[in-house]
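Working through the structure, step by step
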Amino acid sequence: MSSGNVTVMAITEFVISGFDTVSNPVTIGIVMMVIYALVMVANMANICFIALDKRLHKPMYLLVCNLAIVDMLYSSSCGPTMIGVLIAGVKTIAYIPCFVQMFAFHLGAVMEMFAIAGMAFDRLVAVSSPLRYHSILTNVRTLLLMFSLWVVACAFVAILPGTVIPLPYCKTTLPYAFCDYAALVRATCVDPNYYFFLVTVIMFLVQFSTFSFIFLSYLKIVFAIFKMSSKTDRKKMYSTCFSHLIVVVCYYVPMFVLIVLTRLGVQLTKEERHGLLIGAILGPSLINPIVYCFRTKEIKNKILKIFTKVEPID
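For clarity, every value in this text was computed on a predicted model and none was experimentally measured.

**Describing the sheet that holds strand 3 (residues 13-16)**
- Read across the sheet, three strands follow the order 4-3-5 without closing on themselves; strand pairing throughout is mixed. Looking along the sheet, the strands with just one partner apiece sit at the ends: strand 4 (92-94) and strand 5 (173-174).
- One ladder, built from three bridges, connects strand 3 with strand 4; its direction is antiparallel. Across the sheet, V15 pairs through a bridge with T92, a residue of strand 4.

**Points about the pattern of salt bridges**
- Evaluated as defined, the whole model comprises three salt bridges.
- Where D53 meets R55, a salt bridge forms, and the shortest distance between an N and an O atom there is 3.1 Å.
- On the basis of relative accessibility, which here comes to 57%, the residue R55 falls in the exposed class.

**Brief notes about the packing of helix 2 (residues 59-88) against helix 3 (residues 95-128)**
- The interhelical angle for the contact between helix 2 and helix 3, taken along N-to-C directions, is 160°, at an axis separation of 9 Å. Taken as axis vectors, helix 2 and helix 3 run roughly antiparallel relative to one another. Between helix 2 and helix 3 lies a crossing of left-handed hand.
- Of the residues belonging to the contact of helix 2 with helix 3, the class tally is 17 nonpolar, six polar and four charged.

**Quick look at the state of the cysteines**
- All told, the structure shown has two disulfides when counted by the stated rule.
- Two residues, C98 and C179, share a disulfide whose sulfurs are 2.0 Å apart. An S-S torsion of about -110° defines the bridge between C98 and C179 as left-handed. A residue pair is termed long-range when its members are at least 10 positions apart, and C98 in helix 3 and C179 in the loop between strand 5 and helix 6 (181-186) qualify at 81 residues.
- Once the disulfide-bonded cysteines of the chain are ranked by sequence position, their pairing pattern turns out to be 1-3, 2-4.

**Quick look at the pairing of strand 3**
- Side-chain alternation along strand 3 places F14 and I16 on a buried face and E13 and V15 on a face that remains uncovered.
- As defined by bridge partners, strand 3 adjoins strand 5 across two bridges and the pair is classed as parallel. Bridging across to strand 5, V15 finds its partner in T173.

**Quick notes on a nonpolar patch on the surface**
- A cluster of nonpolar side chains, F211, F215, L216, L219, F223, F256 and I259, forms an exposed patch at the surface whose accessible area comes to about 630 Å².
- At the level of secondary structure, the elements contributing two or more residues to the nonpolar patch comprise helix 7 (193-227) and helix 8 (231-263).
- The element best represented in the nonpolar patch is helix 7, accounting for five residues.
- Tracing the chain through its elements places L216 in helix 7.

Reading the values: rules and limits
- Residues numbered from 1 in each chain as written.
- Predicted model: local features only at pLDDT ≥ 70, side-chain atom pairs only at ≥ 80, totals over all residues.
- Heavy atoms only, no water.
- Pairing = 2+ DSSP bridges.
- Helix = DSSP H or I, 4+ residues; strand = E, 2+ residues; numbered from the N terminus.
- Salt bridge = Lys/Arg side-chain N within 4 Å of Asp/Glu carboxyl O.
- Buried < 20%, exposed > 50% of the residue type's maximum accessible area, 1.4 Å probe, protein only.
- Axes fitted to C-alpha atoms, helices over the stretch in contact; angles between N-to-C directions.
- Parallel < 35°, antiparallel > 145°, perpendicular 65-115°, else oblique.
- Left-handed = near helix turned anticlockwise from the far one by under 90°.
- Nonpolar A, V, L, I, M, F, W, Y, C, P; charged D, E, K, R; others polar.
- Disulfide = S-S within 2.5 Å.
- Patch = residues over 30% accessible without salt bridge, like charges linked within 9 Å, V, L, I, M, F, W, Y side chains within 5 Å.
- Areas by Shrake-Rupley, 256 points an atom, 1.4 Å probe, with all protein chains shown as cover.

In structure tokens form, the structure reads like this:
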């Protein structure tokens, strides 16, 4: 069907062409496949360690499990597609799976921020009200908090497919690494600026609100720690917050680097953009479970018991 000089197409599948100019695609694909496999194994291990040990059925570890689920969703939303394109040369993706991938990817991105903010709240309560921690944050309340965050995230992300699905399409080739909102909007016959503005507003609200909450939480945590008279208590509180701070830095720094580079007008090549994006997705998803495995005493002890004869850490 034609409209003026624009030909509207009935789309059954899209072609992903974002890696067409990449040199050594198989090598890059193998590296990504190894990292993706490590992401899945490490996060599944964290979940299993916590699920199988009743002593770890506490609010903090429920939030760690939630972060692991989010990391697996985030990396799985686009990782297998990119690996398939790079290694096997499978560049086509059907219409419906493409939209499912878009929804899963953006849900993972939003939930990553929500999950980290939820963990900041947990640390805030633990430091500010240690004696009331277990009465304020029970397992039931933590599960309700996690469920609420997933519902709110789904509501935010549902706006994206809701706006792009009804649009007419003029292109089947997506010059992107996988199906995301920008890729699908670019394939339509409409002016993309309004839709890009819409998603920018949504993501800004989520990023600004979550990062502000985390920043203010840690300001209060720092003040609370300075008020402690015991050096032992201070050291314990620093230690309990350090793992989460690593997670915050690993997620937000790549995001802010991309934003700053864009605002400064730095022209990145398609390969550089894809590299930063892949690093921002797979990097934190791999680092997060490793951080909690080696920075959390209970999980570390469990690993030592399984793989070595080393005495558990006190």
